[in-house]
Amino acid sequence: MMNARQLPAYFDYLIEAFHRGETGRSVHLGYWDAPDTADEDFAAAQGRLDERLLSMAAIGRGHAVLDVGCGFGGTLERLNGRLEEAWLAGVNIDPRQLAICRQVAPANGNRLEWQEADAGRLPFAASSFERVLCIEAMFHFPSRREFIAEAARVLKPGGRLVGSDIALAKSARAIASPGFSIEAPLRDGYGPWPDFWGDDADHARLAQSAGLRAVELEDVTANTCPSHRFTAPRDADEARDTGNVAVRAALMLRWLHQQGHLRYTLFRFDKPPA
């Protein structure tokens, strides 16, 4: 399990903002159907990303659902309000985030469970869940491949793994400036980012390696790019020399996304029926 120094630094700021009432439970980017005419409501855009993924997951009454890298519990809170008799479990390596998750009260006969655990060693028996979710967290894990194998193990036959992932595009390697100038701020602010250059980020192959079928793979890079108006607003440029690692990382991620050097992918992997 990762120690505190291996937790993403930007969560220090998100946690503080949550306790000040400045942000909600969603800790991922947003989604815009028409990026060129994007509205100015980031929370609504984050909700749209959740809804895109939940539509792919098709979660029903009584399902057992695991959210790996559950953040502040926003996605499971959304499900808790609309499902009945479901088992909703979230895992995270950060006890501070889990403390925020535990503020969500179960509703509609649902069971909520939050556990501190590593994505590559999930503390659940084989064939426990109809659905596994992983929203914008997989790039932090020590190994995408190990996580997907674990997700396949805990999925019931016929189950689905649904989520989103960020990876650098191949074009990032060809940028004239030294790679270190890209890598350092992102590792400082968003690390751990073990597979930084996306050498093992072929999602279709990763699914196949775990015995899963890649049913949907959708590039939503353009639809998520407007998020940086909120995560790295223009006035943040003035703070680039303040020593704030989260600001520097957000500015670099914004630049990579806007310049086409980053890919944001939604995926659905199905486990074959028994």
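Structure: see above.
Residues numbered from 1 in each chain as written. Predicted model: local features only at pLDDT ≥ 70, side-chain atom pairs only at ≥ 80, totals over all residues. Heavy atoms only, no water.

Draft legend 1. Local environment of the sheet that holds strand β3 (residues 111-116). One open sheet accounts for seven strands, arranged β3-β2-β1-β4-β5-β7-β6; its pairing is mixed. This sheet does not close on itself; its edge strands, each paired only once, are β3 and β6 (213-219). Neighbour-to-neighbour, the strand axes of the sheet open up by a mean angle of 15°, direction not taken into account. (Pairing = 2+ DSSP bridges. Helix = DSSP H or I, 4+ residues; strand = E, 2+ residues; numbered from the N terminus. Axes fitted to C-alpha atoms, helices over the stretch in contact; angles between N-to-C directions.)

Draft legend 2. Fine view of the packing of aromatic side chains. This structure, assessed with the given rule, holds 14 aromatic pairs. With a centroid separation of 4.7 Å and an interplanar angle of 40°, the aromatic rings of Y10 and F11 are classed as tilted. Per residue, the accessibility class of Y10 equals that of F11, and both read buried. Taking 5.0 Å as the distance between ring centres and 5° as the angle between the ring planes, the aromatic pair formed by F42 and F230 counts as stacked. One end of the pair, F42, is in helix α2 (residues 42-57); the other, F230, is in helix α9 (residues 228-231), with 188 residues separating them in the sequence. Judged by its relative accessible area of 17%, F42 is buried. Connected via pairs of aromatic rings, a cluster forms that spans Y10, F11, F18, F72 and Y190. (Phe/Tyr/Trp six-rings, centres within 6.5 Å; stacked < 30°, edge-to-face > 60°. Buried < 20%, exposed > 50% of the residue type's maximum accessible area, 1.4 Å probe, protein only.)

Draft legend 3. View of the pairing of strand β2 (residues 87-92). Counting buried positions along β2 yields six of six residues, so the element is predominantly enclosed. One ladder, built from five bridges, connects strand β1 (residues 64-68) with β2; its direction is parallel. Bridging from a neighbouring strand, D67 pairs with G90 of β2. Crossover connection from β1 via helix α3 (residues 74-80) to parallel β2: handedness right-handed. Each parallel crossover has a hand, and for β2 linked through helix α4 (residues 95-101) to β3 it is right-handed. (Right-handed = clockwise from strand over helix to strand, strands pointing away.)

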